[in-house]
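Structural overview
Okay, here's what each chain looks like letter by letter:
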Amino acid sequence: MLNREARMSKTAPEPRPYSVHFADEDLAYLRERLARTRWPDQPPDAEAASWAYGTEPRYLRELVAYWQAGFDWRDQERILNQFSQYKVRLGSIDLHFIHQPGVGPEPLPLLISHGWPSSVWEFHKLIPLLTDPGRFGGDPADAFTVVAPSLPGYAFSFSPNQPRFGVDEIADLFAELMGGVLGYDRHVAAGGDWGAYITARLAYAHPERLRGIHLNLLPMRREATPSPTPSAEEEDYLRQVRHWTSEETGYSAIQATRPQTVAYGLTDSPAGLAAWIVEKFQRWSDCGGDVESRFTKDELLANVTIYWVTAAIGSSFWPYYARQHGGWSLSDLVREGGRVEVPTAYAVFPKEIIRPYRELVEQGFDLRRFTRMPRGGHFAALEEPELLANDLREYFRAFR
């Protein structure tokens, strides 16, 4: 499956088979820490305000109680271990990745990249739909061979004191993984959140490697400078940007400027970590305020458990810090008259944090497909895996 004969370099590092297994003592310690949670005070009207001040106290107590006494990590571990996983030494780190072969006459290699506060767990529903469409009533000719890495510094691609990576370095590392290690001279790529930034950077820096890309978030800075005569679509986008900058960017500001400070508490306290992460799933999804209308407790806690046991939350902040302090910016590229020339598809989910209009996307990309989805939000692969899988199949069919 690793296609060793097709590798670009005979000296390419050898991937090692890997399976996820958290030690019993780590899980026991997690339950102990949860049982000893020290809860903060809350405003007198917190229940009426619901999630307006942040993670709702009553819900978090309920979630932590289930995490401590009802959640079974081993069930989630088995779900992850249904996929073929590897680690490979690249860029002075051990990079973890899923490499799941497609079931079809000529599967198309697809690199999919996650973001924050997500992990490869987000793809556990999507990957089977992509690799084996015939199993779900689709056409086997649409099959992909999926490569889904854990971002450097995230989860299974983290060990203490390892080098930190911004979007630029991650894109270069993934280019080496796909070409130098796995032997895919050309492939397609997709992603949301940081995965969209990485995919765009990969297309800009290594266009010869990519047939096409698919994004479900536009990887540009959120700027609210209107044109002289803004259209209705532009006005709507500017309203989204104003809301985003006034209400949703507190987490980003601290992760981009003082990541080490907040890492102490979040690495130590599992309840605090759950509050920090689960709020984003509630705020950024198409849940109508009820986070469990879109995600089960097990799905939410599997992701949080991965962050806590691996102790990777602090290093996961690094792309924010790198961007704030001079990392690659698509917005800067566009201002200088450039853009990504690899053919691009953009899927707009209605509850995504920011939903740019077509003309704005075309400023930065060679846009070939623009799809407005009927439902779904920021975590598209977990919220609406069928919609996302269908859009990926239909767009990339032309590149086979």
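Use the structure listed above.
Residues numbered from 1 in each chain as written. Predicted model: local features only at pLDDT ≥ 70, side-chain atom pairs only at ≥ 80, totals over all residues. Heavy atoms only, no water.

A few points about the pattern of salt bridges
As enumerated under the stated definition, the model contains 25 salt bridges in all. For R339, the salt bridge is made with E341, and the minimal N-O distance between the two is 3.2 Å. For D366, the salt bridge goes to R368, with nearest N and O atoms at 3.0 Å. Linked through salt bridges whose partners overlap, the residues forming this network are R294, R375, E383 and E384. (Salt bridge = Lys/Arg side-chain N within 4 Å of Asp/Glu carboxyl O.)

As for the environment of V167
Mapped onto the elements, V167 comes out in helix α6 (residues 167-181). We classify V167 as buried; its relative accessible area is 8%. With 91 residues separating them in the primary sequence, V167 and R258 have C-alpha atoms 18 Å apart. Those residues in contact with V167 that lie beyond four places of it in its chain are W194, Y197, I198 and R201. (Helix = DSSP H or I, 4+ residues; strand = E, 2+ residues; numbered from the N terminus. Buried < 20%, exposed > 50% of the residue type's maximum accessible area, 1.4 Å probe, protein only. Contact = heavy atoms within 4.5 Å.)

Focus on the sheet that holds strand β9 (residues 365-372)
Taken in spatial order, the 9 strands line up as β1-β2-β3-β5-β4-β6-β7-β8-β9 in an open sheet, and their pairing is mixed. Looking along the sheet, the strands with just one partner apiece sit at the ends: β1 (16-18) and β9. Going from strand to strand, the sheet's axes swing by 25° on average, the running direction of each strand aside. By the bridge criterion, 4 bridges tie strand β4 (residues 108-113) to strand β5 (residues 144-149) in an arrangement that is parallel. (Pairing = 2+ DSSP bridges. Axes fitted to C-alpha atoms, helices over the stretch in contact; angles between N-to-C directions.)

Topic: the packing of helix α1 (residues 24-35) against helix α12 (residues 297-310)
Where α1 contacts α12, the two axes come as close as 11 Å, and the packing angle between them is 105°. Considered as vectors, α1 and α12 are oriented roughly perpendicular to each other. In this structure, α1 contributes D26, L27, Y29, L30 and R33 to the contact, and α12 contributes T305, W308 and V309. (Parallel < 35°, antiparallel > 145°, perpendicular 65-115°, else oblique.)

Focus: the layout of surface pockets
Think of a ball as big as a water molecule: rolled over the atoms, this probe shows where empty space is left. For the largest pocket, the calculated volume is near 660 Å³. Looking at the largest pocket, it is lined by 28 residues, and the ones nearest its centre are P40, L60, A271, G272 and A275. The set of elements that each furnish at least two residues to the lining of the largest pocket consists of α3 (57-69), α10 (259-268) and α11 (270-284). In terms of residue count, α11 provides more of the lining of the largest pocket than any other element does, 7 residues in total. The class makeup of the residues in the lining of the largest pocket is 13 nonpolar, 8 polar and 7 charged. (1 Å grid on protein atoms, 1.4 Å probe; cavity = no way out; pocket = protein on both sides within 12 Å on 5 of 7 lines; lining within 4 Å. Points joined across faces, edges and corners; volume = space filled by probe spheres on them. Nonpolar A, V, L, I, M, F, W, Y, C, P; charged D, E, K, R; others polar.)

Focus: helix α4 (residues 73-80)
If you check which residues of α4 are buried, you get W73, R74, Q76, E77 and L80. For α4, the buried positions fall inside an angular range of 160° around the axis, keeping them on one side. Of the surrounding elements, those touching the buried residues of α4 are α1, β2 (85-90) and α12. If you check the start of α4, you find a side-chain oxygen 2.9 Å away from the backbone N of R74, and it comes from D72. (Arc of directions from axis to C-beta. Polar contact = N/O pair within 3.5 Å; in protein donor to acceptor, adjacent residues only side chain to side chain.)

Comments concerning empty space enclosed by the protein
For the structure shown, the criterion picks out 4 cavities of 30 Å³ or more. Around the largest cavity sit 22 residues that line it, and S113, F123, G191, G192 and N216 are the ones nearest its centre. Counting residues per element, the ones that place at least two in the lining of the largest cavity are β4, β6 (187-191), α17 (380-383) and α18 (385-396). Grouping the amino acids of the lining of the largest cavity by side-chain chemistry returns 11 nonpolar, 9 polar and 2 charged.

Here's the deal with the packing of aromatic side chains
For the structure on display, the rule yields 28 aromatic pairs. Three or more aromatic residues joined by ring pairs make a cluster, and in this case those are W116, W194, Y197, W244, Y251, F281, W284, F295, F317, Y320 and F379. A cation over an aromatic ring shows up here: R400 above the ring of F144, its NZ or CZ 4.7 Å from the ring centre. (Phe/Tyr/Trp six-rings, centres within 6.5 Å; stacked < 30°, edge-to-face > 60°. Lys NZ or Arg CZ within 6 Å of the ring centre and 35° of its normal.)

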